[in-house]
Amino acid sequence: VLHTTRPLHTTLQRLAPLPPLPEKGGEVRYGLIPEEFFQFLYPKTGVTGPYMLGTGLLLYFLSKEIYVINHETVAAACILSVIIYGVKKYGSDVAAFADKLNEEKIAKALAVKNEAIKDLEAAIEQEKKEQWRAEGHTYLFDAKRNNIVMLLETNYRERLLTVYNEVKKRLDYQVAMQNLKRQKEQDHMIQWVEKNVVQSITPQQQKESIAKCILDLKALSKSAQAAV
Amino acid sequence: GPLSERRLMDVRLGELPAWLATCDLSPQGLLGGVQKAWRSYYDKYINVRRGGPAGISMLLAGYCLLSYGWNYQHISKISFLVSA
C-alpha cells in the first residue's frame, strides 16, 4: 500500500490526449464579417437585412463626413484591389503548400511514434522469449540434481568397496597366521616324533631288524625265483 | 445561470450594468479578460487546420478602423484635406 498525501494519477491528464484541431475556422462572409452577425439579424430582417444596414451606414458616414474621402481613400482602394486579386489568384496554391508542410510534420511525428511502437513490441517479444527460457531452467536443475545424486552414489559405493577390501585383508591376515602356526606346529611335531623314534632305535634292535630283513629278503627271493 | 457566470453575448441589454458590476476590474482581472478574448478569437479563426484569409483580415480591418478613429481629428482638418 502506497502512503501519499494526495491521490496519484486517478484520472486522465487534463491536456492528454490533446483534442484535434478543428478542420475549418469560423464562417466569415466577404473575409470581414462573421456569419454570426448575419444569423443574429436573420429572424428580424431576413436575408437582406445586414446588407441594407451596411449600405445605410456607409451612406450615413459618407454624407455626414464621418468618413472623409481624401487621397488615402484612393490609396486604400488600390491596395485593397491588389490584395484581393492576389488572394483570389494564388490563394489555393499557398494553401496547398502549407498543407504539404503540415503533412510532412505530421508524417515525421507519426514515423517516430511507429518506430517507438515497433521497438517496444520487439522488446516485448524478447521479454517473452526470456520468460520461456527461464521456464527451461527447471529441466537444467533436474539434470544437475541427478548428476549430484549419481556422484554421491558413486562415492558411497567406492567407499563401501574400500571398507570391504580392508576388512578382507585383515581377515586374510588372521587366517594366514593361523595356518602358519598350525603348519609350524605340525612340522615341529613330526620332526620331534622322528627324532625320538630314531633315538629309540637301540643298536640291538637295529641288528635284530637287519637280520629279520635279510631273512625276509631270502624268503622273498626264494618265492620270487619260484615265481619266475 | 447566475449573472456573474454568463458570457457577454448571453447577457441581455437590460442586465448589462449589473453584469459589469460583477466582473473583475482589477488590472489582473482585465488582463485575464483580454487574454481570454484573444484566446477565443485565436482558437476560432487562426488555430485551425485549413484557415483562410478571414483570420488576419479581420484583425487588419479592426486596426484600420481603430487608427482612423484615433486620427479622425487630424484627418478632418481642412489643412490636411487641401495639402494632399
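That block above? That's the structure.
The text that follows walks through the structure, step by step, so that each part is easy to find. Because the structure is a prediction, the values reported are computed rather than measured.

### A short note on the overall build of chain A
Okay, so step 1: Within chain A, the regular secondary structure consists of four helices and two strands.
Okay, so step 2: From first element to last, N terminus to C terminus, chain A shows the α and β order β-β-α-α-α-α.
Okay, so step 3: Of all 228 residues assigned to chain A, the portion counted as buried reaches 4%.
Okay, so step 4: As presented, chain A carries roughly 21400 Å² of accessible surface, and 65% of it is formed by carbon and sulfur atoms.

### Concerning the interface of chain A and chain B
Okay, so step 1: At the junction of the two partners, chain A supplies 23 residues and chain B supplies 19 residues.
Okay, so step 2: Together chain A and chain B conceal approximately 1800 Å² of surface at their shared face, both sides included; 57% is due to carbon and sulfur atoms.
Okay, so step 3: Looking at the side of chain A facing chain B, the largest losses of area belong to Leu21(A), Glu23(A) and Val68(A), adding up to 25% of the total buried there.
Okay, so step 4: Where chain A meets chain B, there are three salt bridges.

### A word on the nonpolar core
Okay, so step 1: Val28(A), Tyr41(B), Tyr45(B), Ala54(B) and Met58(B) together form the largest nonpolar core, which totals five residues.
Okay, so step 2: Looking at this core, the elements that each hand over two or more residues are helix 2 (27-45) and helix 3 (54-70) of chain B.
Okay, so step 3: Apart from residues no more than four positions distant in its own chain, Tyr45(B) is found in contact with Gly26(A), Glu27(A), Val28(A), Pro34(A), Glu36(A), Gly55(B) and Met58(B).

### Focus on the packing of aromatic side chains
Okay, so step 1: Enumeration according to the criterion identifies nine aromatic pairs over all chains in this entry.
Okay, so step 2: Here the aromatic rings of Tyr60(A) and Phe61(A) are separated by 5.7 Å at their centres, their planes lie at 45°, and the arrangement is tilted.
Okay, so step 3: Of the residues examined, Tyr60(A) reaches a relative accessible area of 41% and is grouped as partly exposed.
Okay, so step 4: Relative accessible area serves as the criterion here: at 32%, Phe61(A) is assigned to the partly exposed category.
Okay, so step 5: Between Tyr41(B) and Tyr45(B) the ring centres are 5.2 Å apart and the planes differ by 40°, which places this aromatic pair in the tilted class. Of the two residues, Tyr41(B) and Tyr45(B) are both situated in helix 2; the distance of four residues between them amounts to about one turn of the helix. Of the two residues, Tyr41(B) and Tyr45(B), both sit in the buried class.
Okay, so step 6: Grouping aromatic residues by their ring pairs yields a cluster made of Tyr30(A), Phe37(A), Phe38(A) and Tyr51(A).
Okay, so step 7: A cation sits over an aromatic face here: Arg29(A) above Phe38(A), 4.0 Å from the ring centre.

Cut-offs applied
- Residues numbered from 1 in each chain as written.
- Chains lettered and ligands numbered in written order.
- Predicted model: local features only at pLDDT ≥ 70, side-chain atom pairs only at ≥ 80, totals over all residues.
- Heavy atoms only, no water.
- Helix = DSSP H or I, 4+ residues; strand = E, 2+ residues; numbered from the N terminus.
- Buried < 20%, exposed > 50% of the residue type's maximum accessible area, 1.4 Å probe, protein only.
- Areas by Shrake-Rupley, 256 points an atom, 1.4 Å probe, with all protein chains shown as cover.
- Contact = heavy atoms within 4.5 Å.
- Buried area = accessible area lost by both parts, 1.4 Å probe.
- Salt bridge = Lys/Arg side-chain N within 4 Å of Asp/Glu carboxyl O.
- Core = buried A, V, L, I, M, F, W, Y, C linked by side-chain atoms within 4.5 Å.
- Phe/Tyr/Trp six-rings, centres within 6.5 Å; stacked < 30°, edge-to-face > 60°.
- Lys NZ or Arg CZ within 6 Å of the ring centre and 35° of its normal.

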